[in-house]
Amino acid sequence: MYATDSDELQAARAQLVTYSARLLDDGLAVGSAGNMSVRLGDVVAITPSGIGYADMRPADVCLVTPAGTQFAELTDEAGRGNAETPSTETPMHLAIYAATGAKAVVHTHSPEVIALSASRDELPAIHYQITGLGGPVRVAPYVRFGSAGLAAAAVEALDGRSAVILRNHGAVTYGRDLAQAYDRALLLEWLARTYRLALSYGEPAILSAEALAEVAAEARRRRYGERRGGRP
Ligand SMILES: [Zn+2]
């Protein structure tokens, strides 16, 4: 159990503010749309609802239990507590932590994946880097934002993947830390854009399951080699 004033959680809150600003800079969301969280043991730090990323401070980042109960907030030297409400998508973040080994979750409203979600059921393997997301990325059916139904649909479509596209809504990625979850959100948006560009030439060639399995096996072999000192 992490104390809610631990150094690790303070660092996580600061990191969430930094990455939230990147969400705007990288064009993955506008205004206060999208949200992200980090899990440290029995505490989930999650961005607050309705605060523009430009105005967000680390103290505004909310702390909840994996079951969704908000921690009674500590007050700062001036006696101010955190009066913010956790993200409206908190149920989806918590459902993903419960169903996977995720340590961080990033939810974007990025334009390329939203455009794709309106007309496709899946982002196919236009490039081998999609193995970094577990393979072709499914589009989960539309369910209203903030609902338990959306959380369930996202978890189901994540099976064997670290990314899911939410129809007419956005995307969710997760990772072992916030940096990895965020990089996956960028990769997903890039893959969707690349697929759209490929479609402009006609019907694109899509990598087979065998080709993707070969890439994944080679990536595992190389990672193993790195751990062994560069000699696979
Ligand atoms: Zn959303």
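Shown above is the structure to which this text applies.
The written sequence of each chain sets the order in which its residues are numbered from 1. Reporting in this predicted model follows two pLDDT cut-offs: at least 70 for local features of residues, and 80 or more for side-chain atom pairs to be given and counted; totals over whole chains, interfaces and linings ignore these cut-offs and use all residues. Just so you know, side-chain values use all the structure's heavy atoms and leave hydrogens and water out.

**Q** I tried to follow helix α1 (residues 7-25) on my own but got confused; where do I start?
**A** Every α-helical turn comprises 3.6 residues, leaving residues that sit three or four positions apart pointing alike. Between its first and last C-alpha atoms α1 spans 27 Å; for 19 residues at 1.5 Å apiece the expected length is 27 Å, and the two agree. Listing the buried residues of α1 in full gives L9, A12, R13, L16, V17, Y19, S20 and L23. Where α1 is buried, its residues contact β1 (35-40), β2 (43-46), β3 (62-64), β4 (104-108) and α5 (178-199). By the criteria applied, helices consist of DSSP H or I runs no shorter than four residues and strands consist of E runs no shorter than two, each listed in order from the N terminus. Just downstream of α1, G27 is the residue with a positive phi angle, here 75 degrees. How far a helix is expected to stretch is found by multiplying one less than its residue total by 1.5 Å. Categorising residues by exposure relies on relative accessible area from a 1.4 Å probe, with only protein chains included: less than 20% of the type maximum marks a residue as buried, more than 50% marks it as exposed, and the intermediate range marks it as partly exposed. Note on contacts: a residue pair qualifies if any of its non-hydrogen atoms lie within 4.5 Å across the two residues.

**Q** Help me out: how do you make sense of the layout of surface pockets in this one?
**A** Cavities and pockets were defined on a 1 Å grid built over protein atoms only: a cavity is a set of grid points that admits a 1.4 Å probe from which the probe cannot escape, a pocket is an open set flanked by protein on both sides within 12 Å along at least five of seven lines, and lining residues are those with an atom within 4 Å of any such point. Grid points are joined across faces, edges and corners, and a volume is the space filled by probe spheres set on the points. What the largest pocket holds in volume is close to 400 Å³. Every residue lining the largest pocket is counted, 13 residues in all, and those nearest its centre are T131, G132, R184, A219 and R223. Contributing elements (two or more residues each) for the lining of the largest pocket: α5 and α6 (209-227). Looking at which element gives the most residues to the lining of the largest pocket, the answer is α6, with six residues. Note on residue classes: Ala, Val, Leu, Ile, Met, Phe, Trp, Tyr, Cys and Pro are nonpolar, Asp, Glu, Lys and Arg are charged, and everything else, Gly too, is polar. Of the residues assigned to the lining of the largest pocket, the class counts are four nonpolar, five polar and four charged.

**Q** Looking at this structure, I do not really get the packing of α1 against α5. What am I missing?
**A** Geometry of a packed helix pair, given as the angle between the helix axes and the separation of the axes. Interhelical geometry of α1 versus α5 gives an angle of 10 degrees and a closest axis separation of 11 Å. Taken together, the axes of α1 and α5 lie roughly parallel to each other. Of the residues in α5, those touching α1 at Q15, L16, Y19, R22 and L23 are L178, A179, Y182 and L186. Grouping the amino acids of the contact of α1 with α5 by side-chain chemistry returns seven nonpolar, one polar and one charged. Angles here are taken between N-to-C directions and fall from 0 to 180 degrees, while the axes themselves are lines fitted to C-alpha atoms, restricted in helices to the stretch in contact. Working definition: roughly parallel below 35 degrees, roughly antiparallel above 145 degrees, roughly perpendicular at 65 to 115 degrees, and oblique for all remaining angles.

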